[in-house]
Amino acid sequence: MDISALRTANPDHWMKATAIRTLTLDAVAAANSGHSGMPMGMADVATVLFEKHLKFDPKAPHWPDRDRFILSAGHGSMLLYALMYLTGYEDMPLEQIKDFRQWGARTAGHPEFGHARGIETTTGPLGQGIANSVGFAIAEEIQRATWGKKIINHHTYVMAGDGCLMEGVSQEAIALAGMQKLSNLIVFWDHNNITIDGTVDIADITDQPMRFKASGWHVQEIDGHDPEAIDAAITGAKKAGKPSMIACKTHIALGHAAQDTSKGHGALTDADQLKAAKEAYGAPMGDFEVTAEALKAWSAIGARGAEAHKEWHDRFNTLSASKQAEFKRTYAGEAPKRLSATIRALKKQITEGKPKVATRKSSEMTLEVINPIMQETIGGSADLTGSNNTLTSDMGVFHPDTRKGRYIYYGVREHGMAAAMNGMALHGGARPYGGTFMCFTDYARGAMRLSALMGIPTTYVMTHDSIGLGEDGPTHQPIEHLAMLRATPNMNVFRPADTVETAEAWELALTSQKTPSVLALTRQGLPTVRTEHKNKNMVAQGGYVLADAEGKRQAILLATGSEVSIAMEARELLQAEGIGTRVVSMPCWEIFEEQDEAYRKRVLPGGPVRVAIEAGIRFGWDRWLFGERGKREKSGFVGMHGFGASAPAERLYEEFGITAKDTAEKVKSLIK
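Cut-off values and rules
Each chain carries its own residue numbering, running from 1 in the direction its sequence is written. Whole-chain, interface and lining totals are the exception, using all residues; otherwise, since this is a predicted model, local features are given only for residues with pLDDT of at least 70 and side-chain atom pairs are given and counted only at 80 or more. With hydrogens and water excluded, all non-hydrogen atoms of the structure serve as input to the side-chain values. Secondary structure follows DSSP: runs of H or I at least 4 residues long count as helices, runs of E at least 2 residues long count as strands, and numbering of each begins at the N terminus. Using C-alpha atoms as the atom set, the radius of gyration is obtained and then compared with a globule rule of 2.2 Å times the number of residues to the power 0.38. Note on definitions: a residue-residue contact is assigned when non-hydrogen atoms from the two residues lie within 4.5 Å. Note that accessible areas follow from Shrake-Rupley with a 1.4 Å probe, and for residues the cover is restricted to the protein chains shown. Strands are labelled as partners when DSSP assigns at least two bridges between them. Each axis is a line fitted through C-alpha atoms, and for a helix only the stretch in contact is used; angles between axes span 0 to 180 degrees, taken between their N-to-C directions. Only protein chains enter the calculation, and the probe is 1.4 Å; a residue is then buried if its accessible area is under 20% of its type maximum, exposed if over 50%, and partly exposed in between. Expected helix span is computed as 1.5 Å times (number of residues minus one). Here a crossover is taken to be right-handed if, once the strands point away from the viewer, the path from the first strand over the helix to the second is traced clockwise. The term salt bridge refers to a side-chain nitrogen of Lys or Arg lying within 4 Å of a carboxyl oxygen of Asp or Glu. Stacked, edge-to-face and tilted labels apply to pairs of Phe, Tyr and Trp rings (six-membered ring for Trp) whose centres lie within 6.5 Å, assigned for plane angles under 30 degrees, over 60, and everything in between, in that order. Throughout this description, any angle smaller than 35 degrees is read as roughly parallel, any larger than 145 degrees as roughly antiparallel, any in the 65 to 115 degree range as roughly perpendicular, and the remainder as oblique. Any residue outside Ala, Val, Leu, Ile, Met, Phe, Trp, Tyr, Cys, Pro, Asp, Glu, Lys and Arg is labelled polar, Gly included; the first ten of those are nonpolar and the last four are charged. Here, the term nonpolar core denotes a set of buried Ala, Val, Leu, Ile, Met, Phe, Trp, Tyr and Cys residues that are joined through side-chain atoms within 4.5 Å. Cysteine sulfurs are considered disulfide-paired once they come within 2.5 Å of each other.

Let us look at the overall build of the chain. Counting its secondary structure elements, the chain contains 27 helices and 16 strands. By the compact-globule yardstick of 26 Å for 672 residues, the chain fits well, its C-alpha radius of gyration being 28 Å. Counting contacts in the chain only where the partners sit at least 6 residues apart, residues at least 24 apart contribute 78% of the total. Carbon and sulfur atoms provide 50% of the accessible area of the chain, an area that totals close to 24,700 Å².

Structure follows, in structure tokens:
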């Protein structure tokens, strides 16, 4: 690549793009760690985008109608950090660039949501950013239809690399985006033909432009170092009427000795090569040095959006006071004040009627009263709507012809669904939830972990939560999944026992600000075990005494979900033999763990035998069985010890020994 020709063809542009490249080289060299090549290769695209197209205001990084910029190729994080510093984001002073990848710095190895205002999402696991972007774009479409173009009308821009497009989740994402005709979504493909192992063609020969076209996208192919071609392509993409992919042919580590090589992907730290690259760029030689002219030019780019931001505020202020308040409430992630009363009314109705229904149906009953008062909810399912019970009558379906619809048919795309929901939550003004079979959290896991890592309140409706689903057999029966999810930091796993607990779990999920929720729900019908109405949300304590011992307390049964009713039946058997038995429902371990010790001690006092009942593996239960004042020799577990089988649910529970009789026998064996 002839660097001198690029320098002379567009000197002003080159000066600005060079600032990104040299900051990247210096930061990676100082850290002796990082990825230099991608920011150096995509600096031209980023410069044109930020200078001529991106609607943003660094002084107001949470402005609702800003354009979103997502760096899906998160290893190239210095591209984003350099842009934020140069355009004047308060959270990104030069000191942060100098502390790249160091303890306590906002400039983590990969962009981390929440570390600095201006980072829209956590990227690093390849494919997640482009999949998130579909959710950002869906949220924008719904809100534009709801609030009008004067309030919401912005683009989502994404930079993705070869690795992002190799990840399977990318196909789930682009297929959904193409079908939905998300016309404000624009993806730049960093087409540099380099991966860590070598050139792309040692592993992949996919014709990416044709792949996107086949998925319903508008596609352009350009020289990613030609600012005029980049500008024209972005202009054309905005007019396409469908999602747009711009294939940008670039040179990784442009102008460095490692250009166009696998070495160029990683940390370029050789001092002599760094100096030579700066000389080729015509850049100043000092560490982290940017010319005053370049700094001034970038500062002007950062200031450009202030007027658009002010104009937006003027338009927003023409809304009625009630509409302004509702808009602000949804963007603050706050539930409406009447949610609590709505949940209490449903609970009272249930305790009086005592229905026997599957908790997936309980969830639908709860959503039927929630969705009308929380218009920010966006529901969906991965081709299991009738099984997950996630669609309510008021929502309408989101589709190119019905943009106000709030229900999404994701197709068989669990991972894409989960990642898109994260994008909706990150966009703001949306409360996404989506369903699939709980066993298929395996497919959604990558995005679910990021919900927890980012601290965003995405809600996962996971039905068919045990062997209780019956005949579909062990491929569909979750066994280890509760343990896997509970092992994830900052994730609330709710396994409600009946409709009352399900309603309470939904209230907690929809009032959470920084923790995602999983609702593990049954296929089989369950009796109402909460037969006495309480205004208090008992699930908010994580675990509580559902039924206490009559006479001397000799045993405590701990259970979740469908096994709580089994525990109640076992209690009757034990009480009939004079064995005083307490039943503790533990719908959410994570919340119970947060309760003070005095409360936990009241629920789980020392002394009595403890038996846990859950149609999953034992892993994790020992914390409650012989921790918390319990004893190993006085504890037992009734549940699964291997995979399930194909048979009716009742037969499976009998064959695997998860019954009231088995539970009572376990207790008696421990008392002796």
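Another point: the sheet that holds strand β14 (residues 580–585). Taken in spatial order, the five strands line up as β12-β14-β13-β15-β16 in an open sheet, and their pairing is mixed. The open sheet has two edge strands with one neighbour each: β12 (544–547) and β16 (635–639). Within the sheet, the average angular offset between the axes of one strand and its neighbour, ignoring direction, is 30°. Pairing analysis gives six bridges linking strand β13 (residues 553–559) to β14, with the strands arranged parallel. Bridge pairing in β14 links A559 to S585. Along the sheet, helix α22 (residues 563–576) contacts β12, β13, β14 and β15 (609–614); its crossing angle with β14, the most-contacted strand, is approximately 170°.

Next up on the list: unusual backbone geometry. Even without being a glycine, F288 presents a positive backbone phi close to 55°. Locating F288 in the fold gives a position in the loop between α11 (271–281) and α12 (292–303). Relative accessible area serves as the criterion here: at 13%, F288 is assigned to the buried category. At N490, a position not held by glycine, the phi torsion is positive, near 55°.

Between the first and last C-alpha of helix α18 (residues 414–427) there are 20 Å, a value that for 14 residues agrees with the 20 Å anticipated at 1.5 Å per step. Among the residues trailing α18, G428 stands out with phi positive, at a value near 100°.

A few words now on the pairing of strand β8 (residues 431–437). In terms of residue burial, β8 counts as a mostly covered element, since seven of its seven residues are buried. Of the pairings in the sheet, the one linking strand β6 (residues 377–381) to β8 comprises three bridges and is parallel in character. By the bridge assignment, I378 is partnered in β8 with P432. Regarding the hand of the β-α-β motif, the stretch spanning β8, helix α19 (residues 441–454) and strand β9 (residues 459–463) is right-handed.

Attention shifts here to the pattern of salt bridges. With the rule as written, the count across this model stands at 34 salt bridges. The salt bridge partner of R406 is D394, with a shortest N-O separation of 3.3 Å. Of this pair, R406 sits in the loop between α17 (385–388) and β7 (407–409) while D394 is found in the loop between α17 and β7, placing the two residues 12 residues apart along the sequence. Of the charged contacts in the structure, one is a salt bridge between R651 and E655, with a shortest N-O distance of 2.7 Å. Residue R651 and its partner E655 are both found in helix α26 (residues 649–655); the two are separated by four residues, about one turn of the helix. For E655, a relative accessible area of 53% corresponds to the exposed category.

By the element assignment, I119 lies in the loop between α5 (94–98) and α6 (128–147). Sequence separation between I119 and Y81 is 38 residues; the distance between their C-alpha atoms is 8.8 Å. Not counting chain neighbours up to four residues away, the residues in contact with I119 comprise L80, Y81, M84, P111, E112 and F113.

This part takes up helix α14 (residues 321–332). Relative to the 16 Å expected for 12 residues at 1.5 Å per residue, α14 spans 16 Å between its end C-alpha atoms, a close match to the ideal helical length. For α14, the complete set of buried residues consists of Q324, F327, R329 and T330. Each element contacted by the buried residues of α14 is listed here: α6 and α13 (306–316). Just downstream of α14 lies G333, where phi reads positive at about 75°.

Quick look at the sheet that holds β8 now. As summarised here, the arrangement of the six strands in space is β7-β6-β8-β9-β11-β10, forming an open sheet in which the pairing is parallel. Where the open sheet ends on each side, the last strands, each with one partner, are β7 and β10 (492–494). Shown here is a sheet whose adjacent strand axes are inclined to one another by a mean of 20°, direction ignored. When β9 meets strand β11 (residues 517–520), the two strands line up parallel, connected through four bridges. The partner of Y460 across the bridge, within β11, is V518. Sitting on the sheet, α18 touches β6, β7, β8 and β9, and the angle it makes with β8 is about 165°.

Any aromatic ring pair is given by two values, namely how distant the centres are and how the planes are angled relative to each other. Scanning the entire structure with this criterion turns up 20 aromatic pairs. Seen in terms of ring centroids, F50 and F56 are 5.2 Å apart; in terms of plane orientation they differ by 70°. Their pairing is edge-to-face. Assigned by exposure class, F50 and F56 land together as buried. Aromatic ring contacts, followed pair by pair, group W147, W312, F316, F327 and Y331 into a single cluster.

In contact at an axis separation of 9 Å, helix α15 (residues 339–353) and helix α21 (residues 499–511) are set at 170° when each is read in the N-to-C sense. The angle between the axes of α15 and α21 places the two elements in the roughly antiparallel class. Across from L339, S340, I343, L346, K347, I350 and T351 in α15, the residues of α21 making contact are T499, V500, A503, E504, E507, L510 and T511. Looking at the contact of α15 with α21 residue by residue, the class counts come to seven nonpolar, four polar and three charged.

This part takes up the nonpolar core. Membership of the largest hydrophobic core comes to 57 residues, with the highest contact counts inside it found for I138, W217 and M424. Not counting residues up to four positions away in its chain, the partners in contact with M424 are G135, F136, I138, A139, I378, I408, Y410, A430 and P432. Core analysis: the next-biggest nonpolar cluster, separate from the first, contains 54 residues, V45, F50, I97 and F188 among them.

Let's shift gears to the state of the cysteines. A complete count under the given rule lists zero disulfides for this structure. The thiol sulfur of C248 is not disulfide-bonded, and the nearest other cysteine sulfur, from C164, lies at 13 Å. Residue C248 is classed as buried on the basis of its relative accessible area, which comes to 0%.

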